[in-house]
Amino acid sequence: GAGVSQSPRYKVAKRGQDVALRCDPISGHVSLFWYQQALGQGPEFLTYFQNEAQLDKSGLPSDRFFAERPEGSVSTLKIQRTQQEDSAVYLCASSLDGLQGNEQFFGPGTRLTVL
Amino acid sequence: GQQVMQIPQYQHVQEGEDFTTYCNSSTTLSNIQWYKQRPGGHPVFLIQLVKSGEVKKQKRLTFQFGEAKKNSSLHITATQTTDVGTYFCAGRNAGNMLTFGGGTRLMVKP
């Protein structure tokens, strides 16, 4: 497809379970971003990749959150031992290259609900 | 850290009325982007402003970047029901990270 895709679109987890969220960026896009969006709020930055290198992970809320992009394309955001406060929409975005100013193309998001 | 605030949080307008949302950053920005998120959708890029005092127009939408590069505004003239959604500003400092404001949710009564 032409856009950013994410899977699953919806995920319900029991507290304490591990989850893995997948992002397929637009082909050829160098930069990939993960955001967390709580209901009624703006996206909050989690982490950023340029190709396979994770250049900024300052937004990850705890060491339970881990992201990777091993081959510089698909990325996975993993959350270990999920907590109720992790419930949110997780958005992935990609942009053409690492230069400032490129627009970010967002995927549809994964809505995570932790019971 | 950098904070980006938007006001108002919500705005109800009658179709045909104008609408403005304001964005303020705690730090000087290198550039600012605006995104629109329809209900149930994901953010979609609208525009980027880079220069101090810059003004850009897209049909009924007018975007401004303040002289100090710490604030911005989006003005919509003669709103239509298709304008419904949440408008986010997102500021970028020296790095490649975008800091999003809380958004302004626009509701338009036909």
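In this report, the structure presented in the accompanying data block is examined. No experiment lies behind these values; they were computed from the predicted model shown.

Quick look at the overall build of chain A
Check the secondary structure of chain A and you find zero helices and eleven strands. Listing every helix and strand of chain A by position from the N terminus yields β-β-β-β-β-β-β-β-β-β-β. Expected size for 115 residues packed as a compact globule is a radius of gyration near 13 Å; at 13 Å, chain A falls within 12% of this value. Once the C-alpha set of chain A is aligned to its principal axes, its extents read approximately 40 × 25 × 25 Å. Out of the 115 residues in chain A, the part that is buried amounts to 45%. For chain A, the exposed surface amounts to about 5,700 Å²; the carbon and sulfur share of it is 47%.

Re the sheet that holds strand β1 (residues 5–7) of chain A
All names here are of chain A. The strand order across the open sheet built from four strands is β1-β3-β8-β7, with neighbouring strands paired in antiparallel fashion. The outermost strands of the open sheet, each flanked by one partner alone, are β1 and β7 (65–68). Here the strands of the sheet are splayed against their neighbours by 15 degrees on average, with no regard to which way each runs.

Quick notes on unusual backbone geometry
In this structure, the amide linkage connecting A:S7 to the following residue, A:P8, adopts the cis form with an omega of -10 degrees. Following the sequence through the fold, A:P8 ends up in the loop between β1 and β2 (10–13). Put simply, B:I7 and B:P8 share a cis peptide bond, and its omega is -5 degrees. Looking at the secondary structure, you find B:P8 in the loop between β1 (4–7) and β2 (10–14). Positive phi, close to 55 degrees, is recorded for A:N51, a residue that is not glycine. Mapped onto the fold, A:N51 is located in the loop between β5 (44–50) and β6 (53–56).

Thoughts on the state of the cysteines
Residues and elements named next belong to chain A. Tallied over the full model, the rule gives two disulfides over all chains. Between the sulfur atoms of C23 and its disulfide partner C92 the distance amounts to 1.8 Å. An S-S torsion of about -65 degrees defines the bridge between C23 and C92 as left-handed. Of this pair, C23 sits in strand β3 (residues 19–24) while C92 sits in strand β9 (residues 88–95), placing them 69 residues apart in sequence.

Scoring rules and cut-offs
Residues numbered from 1 in each chain as written. Chains lettered and ligands numbered in written order. Predicted model: local features only at pLDDT ≥ 70, side-chain atom pairs only at ≥ 80, totals over all residues. Heavy atoms only, no water. Helix = DSSP H or I, 4+ residues; strand = E, 2+ residues; numbered from the N terminus. Rg over C-alpha atoms; globule rule 2.2 N^0.38 Å. Buried < 20%, exposed > 50% of the residue type's maximum accessible area, 1.4 Å probe, protein only. Areas by Shrake-Rupley, 256 points an atom, 1.4 Å probe, with all protein chains shown as cover. Pairing = 2+ DSSP bridges. Axes fitted to C-alpha atoms, helices over the stretch in contact; angles between N-to-C directions. Disulfide = S-S within 2.5 Å.

None of the figures reported here should be taken as evidence of function without further support.
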